[in-house]
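What follows is each chain in one-letter form.
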Amino acid sequence: MTTDWSTLWPTFQTAIWQTLLMAVVTILIGGILGLILGVALFTTRGGGLMENRAVNTVLNVLVNIVRPIPFIIFVTAIAPLTLQAMGSTIGTKAVLFPLVIAATFGVSRIVEQSLVSVDPGVIEAAEAMGAGPWQIVRSVLVPEALGPLILGYTFIFVAVVDMTAIAGAVGGDGLGDFAITYGYHRFDWAVTWIAVAVIIALVQLAQFGGNALARKALRR
Amino acid sequence: MTAPLAKSTGEAVVPPDTLVRLESVSKVFGKDDEGHRALDDVDLEIRRGEIFAVIGYSGAGKSTLVRLINGLEQTTSGTVTVDGVDITRLRGKPLRAIRRRIGMVFQQFNLMRSRTVFGNVAYPLQLAGLGRAEQEDRVAELLSFVGLLDKAWTYPEELSGGQKQRVGIARALASDPDLLLADESTSALDPETTREVLALLRRVNEELGITIVVITHEMDVVRAIADRVAVLDSGRVVETGSVRDILGAPQSETTQRFVAATVGNRPNADRLQQLREAYDDTLVTVTVTDERALGSVLSAAARRHGVDFEIVYGGITDLKHESIGSFTLALRGPDTGVLATVDALSAAGTVEGATA
């Protein structure tokens, strides 16, 4: 069987842009929300800057509930909410809703882990100099953990690209949808493989970029 | 300039020369009754302008004690007063305002890896809201004080331990504090670097007039820079006094161990036993602050009373501004002559019988 690339090419290009759009918007919004959640997880721990056992327990339970749900099931499970929030469950825009939520919770753990790596002595020094909790978060925690944070965000970006592809199976657009509709359903291996190749290239680029930034932050 | 303490009249009145005062301070970690009692009924008074040392073994509660002074730890009971302000119940903003007037130096330096030397020293200035130009002037001033102006744009990992600690000291001085807390500030450093950092702390005290509280487990550190010292053992202050008095005549067993470890001019029990076996003469240990006086007194007395003497142990220990000599002597001669010599020696220093 030969693939009719002249008709498929525009669809393929659109799919690439949709995937990029979903991944970038998700990592931006989910990244910011996840940073806030992760900082809250870290600072409310026992002995933390804003120790609060109750808040910490609630946040931990919440994160532990959402994170283990396989993304394909998560998308379908929160479809009613997605409908409420985005007015649809189909398409790039609709799928952003579950993507952002899943990314937020994923990022929160990565952020928490990165912040744990910050030398507690440095935090204590900032406290001794009269810095308040928020000042310490902004001027000590995040800058000191920047290297691991960048690597963590790169990891999440790759996971988000993966999730956008999965979303293609349940109403999303992008390369996942493209590979399933024009490759899998038509038994056209070439289309599937080309979609896979683009995803791999995207992930490689992201990882190279992330590594380079992290190296710069860590000065090594 | 010592104002009388009005301790018995209810409200404690802080005398003008007291900068930090701890009154009946206890600190318990964990539950009140079964928890670990890190500090137990501690009373201390740190005078303005002095270098005050707190010495103790690890786990004695030193680090907890120093953290009570800037409110990094809260007391379980008792009060901590800094410059007349009771900081015990302070939280949030007022506490942070006090902290900005207290510098702190750490054993592991605790510099930010993500900032250059300049960025680290400028950090407290940024907290205080200074503009960039003011920050630059002040940081330059501080870095030249600690001799690291040429390192302003390097990162901490490129510095040696001693340099890192000098940056730590510059940072602690940035907000122009009245008080500097040095928590084991030389414990991660080699002896040579330790001397440099101690010399710098002395300059901080003498040239800038900043009161310093030094936390250490080394009597050598106390000896080199402190005016007064408190010995902490299992959360209790077992002895407080001038360094000269503590080193010259340590009272508690803990203090004696610390003194023996650093001074090395007094025979320990084993050595004393050996000396007694070797000499069947009268053994006395004389502690003096003026070695020259001892020499003249000793030779004159020995000649007058027909006594022979031999120095069997001893040495001179240098303190910040003075020195202490301790000599164990074997005195040989008629009993009355020996007694008269001991009497004469008492005029030059403190004499302890070294006989069993």
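This one's a predicted model, so the numbers in the text were calculated from it and none came from an experiment.

Student: Just checking my understanding: could you explain the environment of F118(B) for this structure?
Tutor: All names here are of chain B. Along the polypeptide, F118 turns up in helix α3 (residues 117-127). Residue classification places F118 among the buried residues on the basis of a relative accessible area of 5%. Spatially, the C-alpha atoms of F118 and Y155 are 8.8 Å apart, while their sequence positions differ by 37 residues.

Student: Looking at this structure, how should I read the confidence of the model for chain A?
Tutor: Detailed reading of predicted coordinates is not advised where the pLDDT is low. Summary statistics for chain A give a mean pLDDT of 91 and a share of 99% for residues scoring 70 or more. Taken element by element, chain A is modelled with least confidence in helix α9 (residues 175-184) of chain A, mean pLDDT 87, and with most confidence in helix α6 (residues 120-128) of chain A, mean pLDDT 95.

Student: Would you explain the pairing of strand β10 (residues 236-242) of chain B in this entry?
Tutor: Put simply, side chains in a regular strand alternate between the two faces of the sheet. Where strand β9 (residues 228-233) of chain B and β10(B) come together, six bridges link them in antiparallel fashion. Considered in β10(B), the bridge of V229(B) is made with G241(B).

Student: Help me understand the pattern of salt bridges, please; the structure alone is not making it clear to me.
Tutor: Two side chains with opposite charge may pair up if their charged atoms get near one another. For the structure on display, the rule yields 26 salt bridges over all chains. The partner of R45(A) in a salt bridge is E112(A), and the shortest N-O contact between them spans 3.3 Å. Placement of the pair is R45(A) in the loop between α1 (5-43) and α2 (53-66) and E112(A) in helix α5 (residues 92-116), with a sequence separation of 67 residues. What makes E112(A) buried here is its relative accessible area of 7%. Salt-bridge contacts for R228(B) lead to E50(B); the nearest nitrogen and oxygen are separated by 2.8 Å. Taken together, the residues span a long stretch of sequence, with R228(B) in strand β9 and E50(B) in the loop between β2 (36-47) and β3 (51-55) at a distance of 178 residues. No difference in accessibility class separates R228(B) from E50(B), as the two residues are buried.

Student: I keep staring at the sheet that holds strand β7 (residues 179-183) of chain B and nothing clicks. Help me out?
Tutor: Strand pairing in a sheet takes place through backbone hydrogen bonds and is either antiparallel or parallel in direction. Residues and elements named next belong to chain B. Spatially, the six strands line up as an open sheet ordered β6-β7-β8-β3-β9-β10, and their pairing is mixed. Looking at which strands have only one partner, the edges of the open sheet turn out to be β6 (102-105) and β10. When strand polarity is set aside, the average angle formed by the axes of neighbouring strands in this sheet is 15 degrees. Across five bridges, the pairing between β7 and strand β8 (residues 211-216) is parallel. Within β8, the position partnered with L180 by the bridge is I212. Of the strands in this sheet, β3, β6, β7, β8 and β9 touch helix α1 (residues 62-69), which is tilted by about 160 degrees from β7. Across the sheet, helix α5 (residues 161-173) touches β6 and β7, and the angle it forms with β6 is around 170 degrees.

Student: I tried to follow the interface of chain B and chain A on my own but got confused; where do I start?
Tutor: Many descriptions give the size of an interface as the accessible area lost when the pieces come together. If you look at the interface, chain B gives 21 residues, while chain A gives 20 residues. Here chain B meets chain A over a buried area of about 1800 Å², counting both sides, of which 51% is carbon and sulfur. At the boundary of chain B and chain A, one finds nine residue pairs in polar contact (both at pLDDT 80 or more). Of all the elements in the fold, those that place two or more residues in the side of chain B that touches chain A are α2 (92-99), β6 and α3 of chain B.

Student: What am I meant to see in helix α11 (residues 291-305) of chain B here?
Tutor: Owing to its 3.6 residues per turn, the α-helix aligns residues three or four sequence positions apart on the same side. Residue and element names in this part refer to chain B. Relative to the 21 Å expected for 15 residues at 1.5 Å per residue, α11 spans 21 Å between its end C-alpha atoms, a close match to the ideal helical length. Regarding α11, the residues found buried are L294, L298, A301 and A302. The buried residues of α11 occupy one face: seen down the axis, they fall within an arc of 100 degrees. Residues of α11 that are exposed and point over 90 degrees away from its buried face: R292, R303 and R304. In this structure, the buried side of α11 is in contact with β11 (282-288), β12 (308-318), β13 (323-332) and α12 (335-346). Just beyond α11, the residue with positive phi is G306, at close to 65 degrees.

Student: What is the right way to read the packing of aromatic side chains from this model?
Tutor: The description of an aromatic ring pair rests on the distance of the ring centres and on the angle between the ring planes. This model, assessed by the stated rule, comprises seven aromatic pairs over all chains. Seen in terms of ring centroids, W5(A) and F12(A) are 6.0 Å apart; in terms of plane orientation they differ by 70 degrees. Their pairing is edge-to-face. The class of W5(A) is partly exposed, set by a relative accessible area of 26%. You can call F12(A) buried: its relative accessible area is 4%. For the ring pair F118(B) and W153(B), a centre distance of 4.9 Å and an interplane angle of 25 degrees mean the geometry is stacked. You can see F118(B) sitting in helix α3 and its partner W153(B) sitting in the loop between α4 (132-145) and α5, a full 35 residues away along the chain. Owing to a relative accessible area of 57%, W153(B) belongs among the exposed residues under this scheme. These aromatic residues form a ring-pair network of at least three members: W5(A), W9(A), F12(A), F178(A) and Y182(A). The ring of Y155(B) carries the charged tip of R219(A) above its face, separated from the ring centre by 3.3 Å.

Thresholds applied
Per chain, the residues get numbers from 1 upward, laid out in the order the sequence is written. To label them, take the chains in the order written and letter them from A, then take the ligands in the order written and number them from 1. Per-residue local features are limited, in this predicted model, to residues with pLDDT of at least 70; the limit for side-chain atom pairs, both in listing and counting, is 80 or more; totals at the level of whole chains, interfaces and linings are taken over all residues. As a rule here, side-chain values come from all non-hydrogen atoms in the structure, and water together with hydrogens is ignored. Secondary structure elements follow DSSP: runs of H or I no shorter than four residues count as helices, runs of E no shorter than two count as strands, and numbering proceeds from the N terminus. Relative accessible area decides the class of each residue, using a 1.4 Å probe on protein chains only: under 20% of the type maximum gives buried, over 50% gives exposed, and in between gives partly exposed. Within a predicted model, pLDDT stands for the predictor's per-residue confidence, ranging from 0 to 100. In this scheme, strands are said to pair when DSSP sees at least two bridges between them. Here a salt bridge means any side-chain nitrogen of Lys or Arg lying within 4 Å of a carboxyl oxygen belonging to Asp or Glu. What counts as an axis is a line fitted to C-alpha atoms, over the stretch in contact for a helix, and the angles between N-to-C directions run from 0 to 180 degrees. Throughout, a contact is declared for two residues whenever any of their heavy atoms are within 4.5 Å. Joining two parts hides part of their accessible area as seen by a 1.4 Å probe, and the buried area is that hidden amount summed over both. Counting of polar contacts relies on pairs of N or O atoms within 3.5 Å, with two restrictions inside protein: one atom must be capable of donating a hydrogen and the other of accepting it, and residues adjacent in sequence are counted only when both atoms are side-chain atoms. In this scheme, a helix's expected span is set at 1.5 Å multiplied by one less than its residue total. Directions from the helix axis toward the C-beta atoms define the arc. A pair of Phe, Tyr and Trp rings is counted when the ring centres sit within 6.5 Å of each other, with Trp represented by its six-membered ring. The angle between the planes then sorts it: under 30 degrees is stacked, over 60 is edge-to-face, the rest tilted. Think of it as a cone above the ring: NZ of Lys or CZ of Arg counts as a charge over the ring if it is within 6 Å of the ring centre and within 35 degrees of the ring normal.

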